[in-house]
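Examining the three-dimensional arrangement
Here's the letter readout for the chains.
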Amino acid sequence: MVSKNTICLWYDGTALEAAEFYARTFPDSAVGAVLRAPGDYPSGKQGDVLTVEFTLMGIPCLGLNGGPAFKHNEAFSFQVATDDQAETDRLWHAIVGNGGQESACGWCKDKWGLSWQITPRVLTAAIADPDPVAAQRAFEAMMGMGKIDIAAIEAARRG
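Conventions we followed
- Residues numbered from 1 in each chain as written.
- Predicted model: local features only at pLDDT ≥ 70, side-chain atom pairs only at ≥ 80, totals over all residues.
- Heavy atoms only, no water.
- Buried < 20%, exposed > 50% of the residue type's maximum accessible area, 1.4 Å probe, protein only.
- Helix = DSSP H or I, 4+ residues; strand = E, 2+ residues; numbered from the N terminus.
- Contact = heavy atoms within 4.5 Å.
- Patch = residues over 30% accessible without salt bridge, like charges linked within 9 Å, V, L, I, M, F, W, Y side chains within 5 Å.
- Areas by Shrake-Rupley, 256 points an atom, 1.4 Å probe, with all protein chains shown as cover.
- Salt bridge = Lys/Arg side-chain N within 4 Å of Asp/Glu carboxyl O.
- UniProt positions renumbered as here; feature names shortened; annotations may be inferred.
- Axes fitted to C-alpha atoms, helices over the stretch in contact; angles between N-to-C directions.
- Left-handed = near helix turned anticlockwise from the far one by under 90°.
- Nonpolar A, V, L, I, M, F, W, Y, C, P; charged D, E, K, R; others polar.
- Pairing = 2+ DSSP bridges.

Here's the deal with helix H1 (residues 15-25)
- Within H1, the full set of buried residues consists of Ala15, Leu16, Ala18, Ala19, Phe21, Tyr22 and Thr25.
- For H1, the elements touching its buried residues are strand E1 (7-11), strand E2 (30-36), strand E3 (49-56), strand E4 (59-65), helix H2 (85-97) and strand E8 (115-120).

In structure tokens form, the structure reads like this:
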């Protein structure tokens with residue numbers, strides 16, 4: 001049964017590859033139904049993948065092989081709250097190491113151009129610290145990072 005609200009992500013012929021990567025990489029993720037073209041069409045052939053239903057960390061998604069007209073950008077991202085450095089490192093390296101690219105402040109892009117925020121819960125707590133000076137130190141430390149270093153965030157928070 002199709003969810004009432006599903007995130008539709010546009011790909012250029014690689015929706016199944018992306019969905020399979022996400023299912024291998026993130027917990028509570030799986031590939032569902034794959035809809036293939038029942039006949040030839042202007043930009044493809046019978047049997048080509050048109051759409052892929054998948055779940056990404058419990059969120060229903062649809063990968064649409066819509067062609068090269070539209071690209072992902074930072075206006076849409078998945079924010080993944082991590083519990084420790086090992087989880088942060090694993091997810092960051094899975095995305096970046098699979099043809100993605102690093103960015104700043106815990107952001108990275110996968111090889112399909114989809115943006116991810118790999119955000120340790122410790123970081124969120126640190127920049128929301130009721131002590132504004134501690135929060136500012138943690139925030140400034142984060143601003144100099146690509147992948148978030150939890151020990152450095154905690155040290156900055158403590159001063």
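Now that the structure has been shown, the text picks up again.
Observations concerning a nonpolar patch on the surface
- A cluster of nonpolar side chains, contributed by Ile127, Phe139 and Met143, occupies part of the molecular surface with about 270 Å² of accessible area.
- Tracing the chain through its elements places Met143 in helix H4 (residues 132-143).

Considering the environment of Gln101
- With respect to the helices and strands, the residue Gln101 is situated in strand E6 (residues 101-102).
- Owing to a relative accessible area of 49%, Gln101 belongs among the partly exposed residues under this scheme.
- Counting along the chain gives 14 residues from Gln101 to Ser115, while the straight-line C-alpha distance between them is 9.5 Å.
- Residues within four places of Gln101 in sequence aside, it is in contact with Val96, Cys108 and Lys109.

Observations concerning the UniProt feature "domain: PhnB-like" (unreviewed entry) in the chain
- Taken from the UniProt record, the annotation "domain: PhnB-like" (unreviewed entry) applies to residues 4-119.
- Taken end to end, residues 4-119 is 21% helix and 37% strand, and its first and last C-alpha atoms sit 28 Å apart.

Regarding unusual backbone geometry
- Residues other than glycine seldom take positive phi values, yet Asp28 does so here, at roughly 55°.
- The residue Asp28 is located in the loop between H1 and E2 in this model.
- Phi is positive for Met57, close to 55°, though the residue is something other than glycine.
- Looking at where Met57 falls in the secondary structure, it is placed in the loop between E3 and E4.

Notes on the packing of H4 against helix H5 (residues 150-158)
- At a minimum axis separation of 7 Å, H4 and H5 run at an interaxial angle of 145°. In terms of crossing hand, the pair formed by H4 and H5 is right-handed. The segment H4 lies against H5, with Ala134, Arg137, Ala138, Ala141 and Met142 engaging Ile153, Ala156, Arg157 and Arg158.
- When its residues are assigned to classes, the contact of H4 with H5 shows six nonpolar, no polar and three charged.

A few points about the sheet that holds E8
- Strand order in the open sheet formed by four strands is E5-E8-E7-E6, with mixed pairing between adjacent strands. Since the sheet does not close on itself, it has two edges, and those belong to strand E5 (77-82) and E6, each with one partner.
- Across two bridges, the pairing between E6 and strand E7 (residues 107-109) is antiparallel. Bridge pairing in E7 places Gln101 opposite Lys109.
- Where H2 meets the sheet, its contacts fall on E5, E6, E7 and E8, and the angle it forms with E8 comes to roughly 165°.

Observations regarding the pattern of salt bridges
- Under the definition given, this model contains five salt bridges.
- Of the charged contacts in the structure, one is a salt bridge between Lys111 and Glu17, with a shortest N-O distance of 2.7 Å. Remark: Glu17 occurs in helix H1 and Lys111 occurs in the loop between E7 and E8; sequence separation between them is 94 residues.
- For Asp129, the salt bridge is made with Arg157, and the minimal N-O distance between the two is 2.7 Å. One end of the pair, Asp129, is in the loop between helix H3 (121-127) and H4; the other, Arg157, is in helix H5, with 28 residues separating them in the sequence.
- Among the residues examined, Asp129 registers a relative accessible area of 16% and is labelled buried.

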